[in-house]
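Structural overview for review
Take a look at the letters that make up each chain.
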Amino acid sequence: MTQKISFTKMHGCGNDYIYINTMEFTVPQPSEAARIWSDRYKGIGSDGLVLIGASSVPEADFTMHIYNADGSEAMMCGNASRCIGKYLYERGLTDKTKIRLLTLSGVKTLLLHIINNKVESVTVDMGEPVMENESQFNTSRGLNYGTFVSMGNPHYVIFTEFVDQVGETGRALEKHPAFPQRCNIELAHIESDGNIRTRVWERGSGITQACGTGACATAVAAALTGKAGRKSNIVMDGGTLSIEWRESDNHVYMTGPAEFVFDGTIELAKLQTT
């Protein structure tokens, strides 16, 4: 009999992923699964695959592993982490409203905002931004018209009126020699109301509706360049995230929604090695 596993489709501001509870189901080839299942014509359709697991260390309650649509493994995703908080609470896997989530970028703290037993929004402590990281950004390679910010994963933020050129720009810069690990690219513009309009090119996925770490990087870049203060609303294609870069601890805090889309099952036999 062909083995089937259950999945849940969720999104944060349109940044959609396939979520699987690995405490119940095993995905033997997660990179290949992400590539096949993420196909929007022949698969489930998503920006990637997220595996939720139990933590083996006392510093965290649960774990997150995330794979982009091209099968590459990502370090962290703010939108996905908010969705995990909603999933864990509303599916009865925890009654905590403060969850410690272990990612490849370290432990992230999720603060769930509950109304009528539903998670209406989640604030994520994204940690401290890093502006100099030689393993992610080689400053000698001639890129000097944007701002590099690492939120555990690398981002390059360019302020421009032409945010709709994100496809052309992102495609050209994601694999630029300046970025040894490839890079997420954000094009951003300060609007008349003070909000920051941002479009995102995610490494391994292309243009996405939103990116949590990208929103954080954009807010930090705006503050660093004097274009905004330490609190910003980042308006992306799929929705708005509120970002605060606190002076008290130098951490970046991201607040935004998370939504269920649908549940389903899929056959593991559909995975193929290439």
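Summarised in this report is the structure supplied together with it. Quick caveat: nothing in here was measured; it's all calculated off a predicted structure.

**Topic: the pairing of strand S11 (residues 184-190)**
Counting buried positions over the seven residues of S11 gives five, a clear majority of the element. By the bridge criterion, five bridges tie strand S10 (residues 154-159) to S11 in an arrangement that is parallel. Bridge pairing links Val157 to Glu186 in S11. Crossover handedness for the path S10 to helix H3 (residues 166-173) to S11: right-handed. As defined by bridge partners, S11 adjoins strand S12 (residues 196-202) across six bridges and the pair is classed as antiparallel. By the bridge assignment, Ile185 is partnered in S12 with Trp201.

**Some details on unusual backbone geometry**
Glycine aside, the phi torsion of most residues is negative, and most peptide linkages are trans. The phi torsion at Arg182 lies on the positive side, around 65 degrees, for a residue other than glycine. Considering the arrangement of structural elements, one finds Arg182 in the loop between H3 and S11. Even without being glycine, Asn250 reaches a positive phi, approximately 65 degrees. For Asn250, the position within the fold is in the loop between strand S15 (239-245) and strand S16 (252-256). What makes Asn250 partly exposed here is its relative accessible area of 26%.

**Things to note about empty space enclosed by the protein**
Taken as a whole, this structure holds one cavity of 30 Å³ or more when the rule is applied. Within this model, the largest cavity holds a volume of roughly 80 Å³. Contributing to the lining of the largest cavity are Tyr17, Ile66, Asn68, Ala74, Met76, Cys77, Asn153, Asn184, Glu202, Arg203, Cys211 and Thr213.

**Re the packing of aromatic side chains**
Throughout the structure, instances matching the rule amount to six aromatic pairs. When the centroid spacing of 6.1 Å and the interplanar angle of 80 degrees are considered together, the rings of Tyr145 and Tyr156 count as edge-to-face. On the criterion of sequence distance, the pair formed by Tyr145 in the loop between strand S8 (118-125) and strand S9 (147-150) and Tyr156 in strand S10 is long-range, its members being 11 residues apart. On the basis of relative accessibility, which here comes to 47%, the residue Tyr145 falls in the partly exposed class. These aromatic residues form a ring-pair network of at least three members: Phe137, Tyr145, Phe148, Tyr156 and Phe179.

**A few points about the pattern of salt bridges**
For the coordinates displayed, the defined rule picks out 14 salt bridges. The partner of Arg182 in a salt bridge is Asp70, with the nearest N and O atoms 3.4 Å apart. One end of the pair, Arg182, is in the loop between H3 and S11; the other, Asp70, is in the loop between strand S4 (62-68) and strand S5 (73-74), with 112 residues separating them in the sequence. You can call Arg182 partly exposed: its relative accessible area is 22%. The shortest N-O distance in the salt bridge between Arg199 and Asp237 comes to 3.0 Å.

**Focus on helix H1 (residues 30-37)**
Every buried residue belonging to H1 is among Pro30, Glu32, Ala33, Ala34 and Trp37, and all of these are buried. Turning to H1, the residues buried within the fold contact strand S1 (4-12), strand S2 (15-21), strand S3 (48-54), S4 and strand S17 (259-267).

Rules used in this analysis
Residues numbered from 1 in each chain as written. Predicted model: local features only at pLDDT ≥ 70, side-chain atom pairs only at ≥ 80, totals over all residues. Heavy atoms only, no water. Buried < 20%, exposed > 50% of the residue type's maximum accessible area, 1.4 Å probe, protein only. Helix = DSSP H or I, 4+ residues; strand = E, 2+ residues; numbered from the N terminus. Pairing = 2+ DSSP bridges. Right-handed = clockwise from strand over helix to strand, strands pointing away. 1 Å grid on protein atoms, 1.4 Å probe; cavity = no way out; pocket = protein on both sides within 12 Å on 5 of 7 lines; lining within 4 Å. Points joined across faces, edges and corners; volume = space filled by probe spheres on them. Phe/Tyr/Trp six-rings, centres within 6.5 Å; stacked < 30°, edge-to-face > 60°. Salt bridge = Lys/Arg side-chain N within 4 Å of Asp/Glu carboxyl O. Contact = heavy atoms within 4.5 Å.

What is shown is where atoms sit, not what they do.
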